Amino acid sequence: MTTEPDLFVRELSAPSVWPDSAVSAPGGDVALGGVSLAELAERHGTPAYVLDEEEVRSRARAWRRALPDADIVYAAKAFVSRAVVDWMAEEGLGLDVCSAGELELAATRGFPPERVVMHGNAKSPQDLRTALRLGVGRIVIDSDCEIARIAAQVPGAEAQRVLVRVLPGIEAGAHRKIQTGSEGQKFGLSIANGDAEDAVARVLGQPKLELTGLHCHLGSQIASPEPYAEAVRRLVALLARIRDRHGVTLPELDLGGGFAAAYLPGDPAPPPAAYARRITEELDRSCAEFGVPTPRLTVEPGRSIMAPAGVALYRVLSVKRSGAQVFVAVDGGMSDNPRPALYGARYTVRMVGRSTAAPMRTTTVVGRHCEAGDILAQDVELPEDVRPGDILAVPASGAYQVSMASGYNMTGRPPVVAVSQGRSRLLMRRETFEDHRSRDVGL
Ligand code: LLP
């Protein structure tokens, strides 16, 4: 595939939102993992999601390299399929699951259960039953009422390993809806009001539970290592108080996920090494200050591994001028990507599969759903001659899009196609009308 000196190449000279393997190809095309995006749109139809396997793997490896002594636990909620479970197993990562469904999926691939961490502010009886039956490595306790409940269900003689999720009282994250480390929301047990220490005392009193450490998750799309350093200080101080009060030294500290990905060129997205450096430096400093042995670290990245590896493909259905605005409507929308509507998320868009010399103009890409808020990308630059039938590619689409896709308007959730070394393979097929119809069992 030859590389053309076009807009795409110029984009690549800025901090890129495209996977490493992305290159411009003849005829205005883009190739990912050596596979033409225009061809994939033709073969699989649109909307479709393309996932660059090597990008996922190399980002997983970058986390392992950055924190060689830590456990890197991939947050399945960002996107998971059976192939992804295999990739994570092969790259030596663990898996963060938050439902029996995610856990069962991992189990179908024989993912080592001891490398699974189960989360949830409100785990259902089925979640807990499945976690205990399959023997997950850690269950993260998120409320008082699940302590006795879990302890009562532990099968066999061995204690279940658990962490206590604490609220460090730190505000971080790109949007209020994804800030989970501050006081006054549903997650975790507050350090400030003593709930965390009370829960620790209760867990320590349960012989069927083995408390291995503390957990926190500050939020999502956090583009600076500083909030993590602050969390380390507060959690290590708590480890010291637990040691003083109970005489136990907890050996593990799980800092959750939340590491940022770039959605627009130039968005700050520190590499794993930058977070790792700051976190380990603060961990060593705080442990020395409080005289506690350095605990084993866990981090739970989801987005930073998966978002940059995915590209969404749409076909233009209509182009409309409304006042000063140009709306390009595509065959997907908030049913496959609810992020702009939920969090005001921004994306870039590029036309693929057709060369044009037309000048660029500011355009808003909207979906096909029955809501004015169904906007995919506000104020993006697209060629003036963009027309129905053209293919649009949206990079940075690998995380929290397919996994949050809905059945709205029965348009059918899109397929996911993996590309690697010049080959593509279907990971998830498109949801069909027959899928919808077969669930509709009553008359
Ligand atoms: N660990 C825990 C306990 C979490 O709750 C999450 C994400 C993660 C790890 C992974 O966070 P990440 O590294 O992916 O930021 N739907 C939102 C994001 C919600 C994140 C929920 N928890 C979005 O599309 O921005």
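Treat the numbers as computed from the prediction; the structure is a model and nothing was measured. (Residues numbered from 1 in each chain as written. Predicted model: local features only at pLDDT ≥ 70, side-chain atom pairs only at ≥ 80, totals over all residues. Heavy atoms only, no water.)

Bringing the domain arrangement of the chain into the picture now. Partitioning the chain into structural domains gives domain 1 (7-52 + 308-438) and domain 2 (53-305). The interface is formed by 27 residues belonging to domain 1 together with 25 residues belonging to domain 2. When the buried area of domain 1 at its contact with domain 2 is split by residue, Pro308, Tyr343 and Tyr400 rank highest and sum to 25% of it. Taken together, the connections running from domain 1 to domain 2 amount to 1 salt bridge. Taking the shortest distance from any N to any O, the salt bridge between Arg425 and Glu53 comes out at 3.4 Å. Applying the counting rule to domain 1 against domain 2 returns 10 residue pairs in polar contact (both at pLDDT 80 or more). Mapped by element, the contributors of at least two residues to the side of domain 1 that touches domain 2 are strand S4 (48-52), helix H12 (339-343), strand S20 (416-420) and strand S21 (423-428). Among the elements that make up the side of domain 1 that touches domain 2, the one with the highest residue count is S20 (4 residues). When its residues are assigned to classes, the side of domain 1 that touches domain 2 shows 18 nonpolar, 4 polar and 5 charged. (Domains from an automatic or database assignment. Contact = heavy atoms within 4.5 Å. Buried area = accessible area lost by both parts, 1.4 Å probe. Salt bridge = Lys/Arg side-chain N within 4 Å of Asp/Glu carboxyl O. Polar contact = N/O pair within 3.5 Å; in protein donor to acceptor, adjacent residues only side chain to side chain. Helix = DSSP H or I, 4+ residues; strand = E, 2+ residues; numbered from the N terminus. Nonpolar A, V, L, I, M, F, W, Y, C, P; charged D, E, K, R; others polar.)

Here we come to the site of the ligand. In the neighbourhood of the ligand, 19 residues make up the surrounding shell, with Ser220, Glu300, Arg303, Arg339 and Tyr400 lying closest. Ser220 places a polar side-chain atom, nitrogen or oxygen, 2.3 Å from an oxygen atom of the ligand. Glu300 places a polar side-chain atom, nitrogen or oxygen, 2.7 Å from a nitrogen atom of the ligand. Contact with the protein chains hides 91% of the accessible area of the ligand, taken as 580 Å² for the molecule alone. Residue composition of the shell around the ligand, by class: 7 nonpolar, 6 polar and 6 charged. No fewer than three residues from each of domain 1 (7-52 + 308-438) and domain 2 (53-305) sit in the shell around the ligand. (Near = heavy atom within 4 Å. Areas by Shrake-Rupley, 256 points an atom, 1.4 Å probe, with all protein chains shown as cover.)

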